[in-house]
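# A structural walkthrough
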Amino acid sequence: MNKFVTIERFILDNQPQTAKGELTSLLYDIALAAKIISYKVNRAGLQDILGRVGSTNIQGEDQQKLDVFADRIIFQLCDHPGRVCVMASEEHKELLHIPTHYEKGNYALVYDPLDGSSNIDVNVNIGTIFGIYRAKNWEERGRKEDVLQPARALVAAGYVLYGSSTMMVYSTGQGVHGFTLDPELGEFLLSHQDIRLPEPPAYYSINASYYHYWTPQMKAYADWLQGHEVANAPKPLKLSARYIGSLVADFHRNLLCGGIFAYPAEVNKPEGKIRLLYEAGPLSFLIEQAGGRASNGRENIIDIQPTTLHQRTPIFIGNSYLVEQAEKFLQRM
Ligand code: AHM
Ligand code: MG
């Protein structure tokens, strides 16, 4: 493979015919934001940016300094080039409108600026997740209906992983492609073309410390993932456990090695934790492009119509067989 295919070149050469360059440019704006965030993440310890900023976000969680920085950079790089008509960020209660002195574009951008916030202060992988919809209402400067669309309607989605190297992985509906940031060149270079989920899967990723809060059906599924024989269920696969606690990092590893990430409902928390719009939706688009599935335990996440900006959903995402089994276990009487 040509080592020097830059992300810009790849996006241009592979843009959907309907995109007319605007989507390409928007993806490149996001890639530039990712480079800036990556630079900041790598220097975080040095620049005394680690730690909490002292405010809480809409989810009631502490906001980290880097969360605030990443959120601002993505907005600032996408608010003025005239490609986006509205944005929604996990860190903001309401829609983010394009300032009226800038032109608006045809796309609506949803993003989780820095996912895995509990890992920021401890030098563990974190990531950015994004999804791009075509705006529904071309006349307006962005309404909720532009972002409250099922993930099936995404025209592009992706994530950036700030790990041992920084990677950007995205899809415009024509396969999933990964790019690794060369820090010397300052460029994302094509490193993983057309990623497909391998079979058999290698890993399951689930926070088993919540075991006691799960339904008996969910407990049985977790037992099965761990390799226990369960009555009236197929023979379990030999999977190994891996859980980082940063969705992007767990998702990325399972995408490359095969596996399932699950963040299920709890008896007293039926909606789970993961956000539909900023996390589950974009990743469900990617997993289908890579040959897998994402379910909330009953239906495909990619088909769920969001009703509110910060809606949460249980999630089972990865190799189709493991997701199917989750649905079967959860529907047991
Ligand atoms: P965040 O958006 O505040 O970072 O929360 C989402 C994160 C996911 O990245 C991760 O999968 C999950 O929360 C971990 O939660 P827990 O610590 O409950 O296992
Ligand atoms: Mg998050």
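Keep in mind that what you see is a predicted model, and the values were worked out from it rather than measured.

## Some words on the overall build of the protein chain
The helix and strand inventory of the protein chain stands at eight helices and 17 strands. In summary, the protein chain has a C-alpha radius of gyration of 19 Å against a globular reference of 20 Å for 333 residues, a match within 12%. By principal-axis analysis of the C-alpha atoms, the protein chain measures approximately 65 × 45 × 45 Å. Looking at the protein chain residue by residue over its 333 residues, the buried ones come to 56%.

## Side note on the coordination of the magnesium ion (ligand 2)
Around the magnesium ion (ligand 2), the protein supplies Asp112 (OD), Asp115 (OD) and Glu279 (OE) as donor atoms, at distances of 2.0 to 2.2 Å. Expressed as a motif, the donor residue spacing for the magnesium ion (ligand 2) is D-x2-D-x163-E. Neither aspartate 112 nor aspartate 115 differs from the other in exposure class; each is buried.

## Re the environment of isoleucine 260
By the secondary structure assignment, isoleucine 260 is in strand E13 (residues 259-263). Residue class for isoleucine 260 comes out buried when judged on its relative accessible area of 1%. A sequence separation of 176 residues divides isoleucine 260 from valine 84, and the C-alpha atoms of the two residues are 33 Å apart.

## Some remarks on the pattern of salt bridges
Within this structure, the stated rule accounts for 12 salt bridges. Across the pair aspartate 29 and arginine 83 runs a salt bridge whose closest N-O atoms are separated by 2.7 Å. Of this pair, aspartate 29 sits in helix H2 (residues 22-43) while arginine 83 is found in the loop between helix H3 (65-78) and strand E3 (84-89), placing the two residues 54 residues apart along the sequence. Assigned by exposure class, aspartate 29 and arginine 83 land together as buried.

## Here's the deal with the domain arrangement of the protein chain
Taken as a whole, the protein chain is organised into domain 1 (7-192) and domain 2 (203-330). Look at where the C-alpha atoms of domain 1 and domain 2 centre, and you get two points 24 Å apart. Counting residues at the interface gives 51 residues for domain 1, matched by 33 residues for domain 2. For the pair domain 1 and domain 2, the interface holds three salt bridges.

How each quantity is defined
One numbering rule holds for all chains: residues counted from 1, following each sequence as written. Whichever chain is written first is A, and whichever ligand is written first is 1; the rest continue in order. Confidence filtering applies because this is a predicted model: local features only for residues at pLDDT of at least 70, side-chain atom pairs given and counted only at 80 or more, and all residues used for totals across whole chains, interfaces and linings. Excluded from the side-chain calculations are hydrogens and water; all other atoms, namely the structure's heavy atoms, are used. Counting from the N terminus, the helices are the DSSP runs of H or I reaching at least four residues and the strands are the DSSP runs of E reaching at least two. Each radius of gyration is computed over the set of C-alpha atoms, and the globule rule expresses the reference value as 2.2 Å times the number of residues to the power 0.38. Categorising residues by exposure relies on relative accessible area from a 1.4 Å probe, with only protein chains included: less than 20% of the type maximum marks a residue as buried, more than 50% marks it as exposed, and the intermediate range marks it as partly exposed. Only nitrogen, oxygen and sulfur atoms count as donors, using a 2.8 Å cut-off from the metal that widens to 3.2 Å for Na, K and Ca. Water is left out, so coordination shells may look unfilled. A pair is scored as a salt bridge if a Lys or Arg side-chain nitrogen falls within 4 Å of a carboxyl oxygen belonging to Asp or Glu. Domains are outlined according to an automatic or database domain assignment. The contact criterion used is simple: two residues touch if any of their non-hydrogen atoms lie within 4.5 Å.

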